[in-house]
Amino acid sequence: MKFTTFTAVKTLNNSQFWLLGIGAGLIAIILTLTQRTGDISHLGMSVLFYFAVASLIGEKRHNLNLESGFFPSFLGILLIALVLWQSASLTQGKLLLVFTHLAPFISAIGLALLASGLKGLKQYWQEITILFFLGVPKIVLTSVTDISPITAKFSAFLLWYSGFEVSLQQEIFIRVPPGSIKVYSGCSGVELISHLLGLAVIALLMFPLKRKKAMLVPIVAITIAFIVNGIRVALLAVIVTQQQAFDYWHEGDGSRLFGMVAVLILGLFYFLLLREGEGKNQGNLES
């Protein structure tokens, strides 16, 4: 009886190590490809999201049911093989950028199916949700719609309200004499919106709030991202004739600074919501 128990534990540990090795390998491959695209902001967010997933898995690793049938395991292997095949065949270009945003979600589903089958998939709903919001919303938004005209109008309004002589042409050109800028889809704020939305999801999963407050957080995250990016675009319209300053705030460290400010504002907002909830709970206990 002791031998049987020892063998079962050993087998379970072996399966955990295999799954850990496959997962780590997939993460390493995807991060390497992300670095190759030059998308530094997405690379940084990917590392943060993977840490969140690892933390959640680590908390419940002893309670996971690691049993999978033939069909779910085969399907999981197919999804993982698809990721590996695409990672080897795609070298550069827009398709590689799309792949690095979708691959984490596909890999998560494939690994979950391989580990626990269809019935056990719900054990990983938090991790799968996090990796979904890592890249899928951005790809969907950029494919379905273009919010550049909305961003241009908002930035032009900010400039007008601030006293600048500004005009909006063809919905996406902001003219502040003597220069003008075109608001491309890449500057529309979709990337920052998707990143802050993902961070909001991580916060809600790791530090839950009551339902009414939880519904408010994604809306606030999207609003913060849109406003901060609108301010950035307005700044670019003002300094467009100053090439060095424009490059710094457009593609240099300055552009990442705006992202950091947006994250800090969202973090402060969420912290206040948590403190408010803790204060109410403490008051109920004392009464």
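Residues numbered from 1 in each chain as written. Predicted model: local features only at pLDDT ≥ 70, side-chain atom pairs only at ≥ 80, totals over all residues. Heavy atoms only, no water.

**Q** Give a description of helix α6 (residues 148-161) that names residues and reports values.
**A** Here α6 contains 14 residues, and its C-alpha end-to-end distance of 20 Å stays within 8% of the 20 Å for a straight helix at 1.5 Å per residue. Here α6 has its buried residues at S148, P149, T151, A152, S155, A156 and L159. Looking straight down α6, one finds that the buried residues subtend no more than 160° of arc, so they occupy a single side. Check the buried side of α6 and you find it contacts β1 (167-169), β2 (173-176) and α8 (211-238). G163 lies just past α6 and shows a positive phi near 100°. (Helix = DSSP H or I, 4+ residues; strand = E, 2+ residues; numbered from the N terminus. Expected span 1.5 Å × (residues − 1). Buried < 20%, exposed > 50% of the residue type's maximum accessible area, 1.4 Å probe, protein only. Arc of directions from axis to C-beta. Contact = heavy atoms within 4.5 Å.)

**Q** Describe a nonpolar patch on the surface, with residues and values.
**A** Together, F70, F71, F74, L78 and L118 line one region of the surface with nonpolar side chains, adding up to about 590 Å² of accessible area. Among the secondary structure elements, F70 is positioned in helix α3 (residues 70-89). By relative accessible area, which is 71% here, F70 ends up exposed. (Patch = residues over 30% accessible without salt bridge, like charges linked within 9 Å, V, L, I, M, F, W, Y side chains within 5 Å. Areas by Shrake-Rupley, 256 points an atom, 1.4 Å probe, with all protein chains shown as cover. Salt bridge = Lys/Arg side-chain N within 4 Å of Asp/Glu carboxyl O.)

**Q** Mind laying out the pattern of salt bridges, listing which residues take part and the relevant values?
**A** Summed over the entire model, instances satisfying the criterion amount to four salt bridges. E127 serves as the salt-bridge partner of K60, at 3.1 Å between the closest nitrogen and oxygen. In this pair, K60 is assigned in the loop between α2 (40-59) and α3 and E127 in helix α5 (residues 125-144), connecting sequence segments 67 residues apart. Overall, the relative accessible area of 17% leaves K60 in the buried class. Of the charged contacts in the structure, one is a salt bridge between E191 and K138, with a shortest N-O distance of 3.6 Å. Pair noted here: E191 is in helix α7 (residues 190-206) and K138 is in helix α5, with a separation of 53 residues, a long-range link. Exposure remark for K138: the relative accessible area of 13% places this residue in the buried category. Here the salt bridges share partners, and the residues they tie into one network are D39, K138 and E191.

**Q** I'd like to hear about the packing of aromatic side chains, residue by residue, with values.
**A** The tally for this structure, following the rule as stated, stands at eight aromatic pairs. Ring plane angle 85° and centroid distance 5.1 Å describe the contact between Y248 and W249, whose orientation is recorded as edge-to-face. A residue is classified by how much of its surface remains accessible, and W249, at 22% relative accessible area, is partly exposed. Members of the aromatic cluster, connected to one another through ring pairs, are F105, F132 and F133. (Phe/Tyr/Trp six-rings, centres within 6.5 Å; stacked < 30°, edge-to-face > 60°.)

**Q** Describe the packing of α7 against α8, and please don't skip the residues or the numbers.
**A** At their nearest, the axes of α7 and α8 sit 8 Å apart, and the two run at 150° to each other. The orientation of α7 relative to α8 falls into the category roughly antiparallel. Every pair of crossing elements has a handedness; the one defined by α7 and α8 is right-handed. In this structure, α7 uses L192, I193, L196, L197, A200 and L204 to contact α8, whose residues at the interface are A214, V217, P218, A221, I222, I224, A225, F226, V228 and N229. A per-class count over the contact of α7 with α8 returns 15 nonpolar, one polar and no charged. (Axes fitted to C-alpha atoms, helices over the stretch in contact; angles between N-to-C directions. Parallel < 35°, antiparallel > 145°, perpendicular 65-115°, else oblique. Left-handed = near helix turned anticlockwise from the far one by under 90°. Nonpolar A, V, L, I, M, F, W, Y, C, P; charged D, E, K, R; others polar.)

**Q** Before we move on, could you go through the sheet that holds β1 and cite the residues and values that matter?
**A** Within the open sheet, the three strands sit side by side as β1-β2-β3. Their pairing is antiparallel. Of all strands in the sheet, those bounded by a partner on one side alone are β1 and β3 (179-182). Each strand axis lies, on average, 25° off the axis of its neighbour in the sheet, ignoring direction. (Pairing = 2+ DSSP bridges.)

These results come straight from atomic positions and should not be treated as a statement about function.
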